[in-house]
Amino acid sequence: MGVQWVLVCHGLVTLLVVISFLCGQWPIFQGTFVERIHYFLTFGAYDYLLRCVGALCGSRGTDAILSVEYFFCDRPNPILQFIYLMMIGGIYYFIAKSCFSYIPGYYLSGVHRYTSFLAVGVGVLLFLLTSFSDPGTVKAENVSQYLSAYPYDNLIYSEKECSTCKIPKPARSKHCSICDRCVARFDHHCGWMNNCIGERNTCYFMAFLLWHFLICIYGTVAIGLVLAGRLKELKVVYILTVYYGIENSFRSLVPHVVQWLLASYNTQILMMVFLAIVSLLLAGFFGYHANLCLTNTTTNETFKWQDYISWQKKLNEARASAAALKAGNSGMRIEGELPKSKWRSFFRKSPIEDVQVTKNNIYDKGFFHNLLEIIFPLSMRSSFLQTKSKSG
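Just so it is clear, the model here is predicted, and its values are computed rather than measured. Positions within a chain are numbered from 1, following the residues in the order the chain's sequence is written. Thresholds applied to this predicted model are a pLDDT of at least 70 for local features of residues and 80 or more for the giving and counting of side-chain atom pairs; totals over whole chains, interfaces and linings are not thresholded and use all residues. With hydrogens and water stripped out, all remaining heavy atoms of the structure feed into the side-chain values.

### Comments concerning the sheet that holds strand E2 (residues 174–176)
Formally: When DSSP locates at least two bridges between a pair of strands, those strands are taken to pair. Counting from the N terminus, the helices are DSSP H or I runs at least four residues long and the strands are E runs at least two residues long.
Reading across the sheet, the 3 strands line up as E1-E3-E2 and stay open at both edges, with antiparallel pairing between neighbours. Each edge of the sheet is formed by a strand with only one pairing partner; in this case those strands are strand E1 (137–138) and E2. Across 2 bridges, the pairing between E1 and strand E3 (residues 181–183) is antiparallel. Within E3, the position partnered with valine 138 by the bridge is cysteine 182.

Structure (structure tokens):
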């Protein structure tokens, strides 16, 4: 049983590291060890590496690492795209090699050999569509249409010019320093896609996330049914209860069944656990972006709104503090007036605590309108094209 516990501990540590790396910055993990692990994985480890290389190799070693960082992180490159294709191809190969010999089985028919290939093919197609589609590049030829489609809210967006492209900057757009272009309704630059996620390809990106979540669920369930079928076909429960005298109860059989599965089908179990973990991560990532889409907000705008609300709250707190100080100075007790209770003033809520700032997102036009804007972007609508022809 020692090997099984090692595998369980390894799986838990892997899950912790993956969740910390991908989700450690989420608000729910603030102030926890998950956030600290995330910081170490994303910033601390790299900083220590630079210091060690600088101490051992001097400035030349540090410059070499920085040049590699620039290549991978600050300019377009297809490295992560190749890694994705190798990952999905390798995972499918291992699953096919380890499981297809048991299909058809007790619970699965032979059609799953072909549906699994079709599912992976659709996933790769969505990946290619997201990677090579136009995210909504803002150019001098279409900037007037984007200015009309996305008006300024004068809160987080105001009229300005892109310092790089030298054209007016429509609301919700951003100049991507990696792709070196302005993107309409900019969400983020995705290294896996080697492309920006913007107004025209957000639908492909969301379909990619949802489909890969479903693929992982499908793979997890299919492998689970393969293992369950092997238990049934080999009559493992019957052998354990009749020949080894183990009590025919769930509590008594589970340890022995798990031990047998780990010894006989460890590759299949490893793939099943891996797909289950990835499906959970994809579910969280898809849910986060789905919430943004349904409220007509982008990842880029979440940071802008946080900065705006923080600034506005500090401003309102300063105003409330000044008003409270002014009221305290001018509200001295008039002669003959009964003194106010000290206990009441002690428990009275400070006016600063009443300060609240609401998010006024003018681009949020309701659930169905927001969803329609993702599926059918504004730049693909006839009204946008008519505005373009008039301006031309």
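### Observations regarding the nonpolar core
What counts, and what does not: To define a nonpolar core, start from buried Ala, Val, Leu, Ile, Met, Phe, Trp, Tyr and Cys residues and group those joined through side-chain atoms within 4.5 Å. Accessible area is worked out with a 1.4 Å probe on protein chains only. A residue is then buried under 20% of its type maximum, exposed over 50%, and partly exposed in between. Here, residues are in contact when the closest pair of their heavy atoms is within 4.5 Å.
Formed by 40 residues in total, the largest nonpolar core has its most connected members in Phe205, Phe208, Ile223 and Leu261. For this core, the secondary-structure elements that each account for two or more residues are helix H4 (79–99), helix H5 (112–132), helix H7 (202–233), helix H8 (236–242), helix H9 (250–264) and helix H10 (266–294). In terms of residue count, the dominant contributor to this core is H7 (10 residues). Excluding residues that lie within four positions of it along the chain, leucine 261 makes contacts with Leu227, Leu231, Asn266 and Ile269. With 16 residues, the next largest nonpolar core counts Val143, Ile156, Cys162 and Cys182 among its residues.

### A closer look at the pattern of salt bridges
Test applied: Every case where a carboxyl oxygen of Asp or Glu lies within 4 Å of a side-chain nitrogen of Lys or Arg is listed as a salt bridge.
Applying the stated criterion across every chain, the model contains 5 salt bridges. In this structure, arginine 185 and glutamate 373 form a salt bridge, with 3.9 Å as the shortest nitrogen-oxygen distance. Here arginine 185, found in the loop between E3 and strand E4 (188–190), pairs with glutamate 373, found in helix H13 (residues 367–375); they are 188 residues apart in sequence, far enough to count as distant. Residue arginine 185 shares its accessibility class with glutamate 373, and that shared class is buried. A cluster of three or more residues bridged by salt bridges with shared partners is formed by Arg172, Arg185, Glu301 and Glu373.

### Considerations on the packing of H4 against H10
The cut-off we apply is this: The axes used here are C-alpha line fits, helices contributing only the stretch in contact, and every angle between their N-to-C directions lies in the interval 0 to 180 degrees. Angles below 35 degrees are treated as roughly parallel, those above 145 as roughly antiparallel, those between 65 and 115 as roughly perpendicular, and all remaining angles as oblique. Crossing handedness: left-handed means the near helix sits turned counterclockwise from the far one by under a right angle, and right-handed means the same turn made clockwise. Gly falls in the polar group here, along with every residue not listed as nonpolar (Ala, Val, Leu, Ile, Met, Phe, Trp, Tyr, Cys, Pro) or charged (Asp, Glu, Lys, Arg).
Here H4 crosses H10 at 140°, and the two axes come no closer than 10 Å. Taken as axis vectors, H4 and H10 run oblique relative to one another. In this structure, H4 meets H10 at a crossing whose hand is left-handed. Here Ile91, Phe94, Ile95, Ser98 and Cys99 of H4 come into contact with H10, specifically with Thr267, Gln268, Met271, Phe274 and Leu275. Here the residues of the contact of H4 with H10 are counted per class, giving 7 nonpolar, 3 polar and no charged.

### Here's the deal with the environment of leucine 234
Assignment of secondary structure puts leucine 234 in the loop between H7 and H8. Discounting chain neighbours no more than four positions away, the residues touching leucine 234 are Ile239, Trp260 and Tyr265.

### Overview of helix H2 (residues 33–57)
Spelled out, the test is: Each residue is assigned a bend, namely the angle between axes fitted to the seven residues that terminate at it and the seven residues that start at it.
Taken as a whole, H2 carries its principal kink of about 50° at phenylalanine 40. Three or more residues of H2 are buried, namely Val34, His38, Gly44, Leu50 and Val53. Of the residues flanking the end of H2, it is glycine 58, one or two places downstream, whose phi is positive at about 80°.

### Quick notes on the packing of aromatic side chains
Note the following rule: Centre distance within 6.5 Å is the pairing criterion for rings of Phe, Tyr and Trp, where only the six-membered ring of Trp is used; planes under 30 degrees apart are then read as stacked, over 60 as edge-to-face, and the remainder as tilted.
This structure, assessed with the given rule, holds 17 aromatic pairs. Seen in terms of ring centroids, phenylalanine 40 and tyrosine 48 are 6.4 Å apart; in terms of plane orientation they differ by 45°. Their pairing is tilted. One aromatic cluster is present, built from ring pairs that chain together Tyr84, Phe127 and Phe208.

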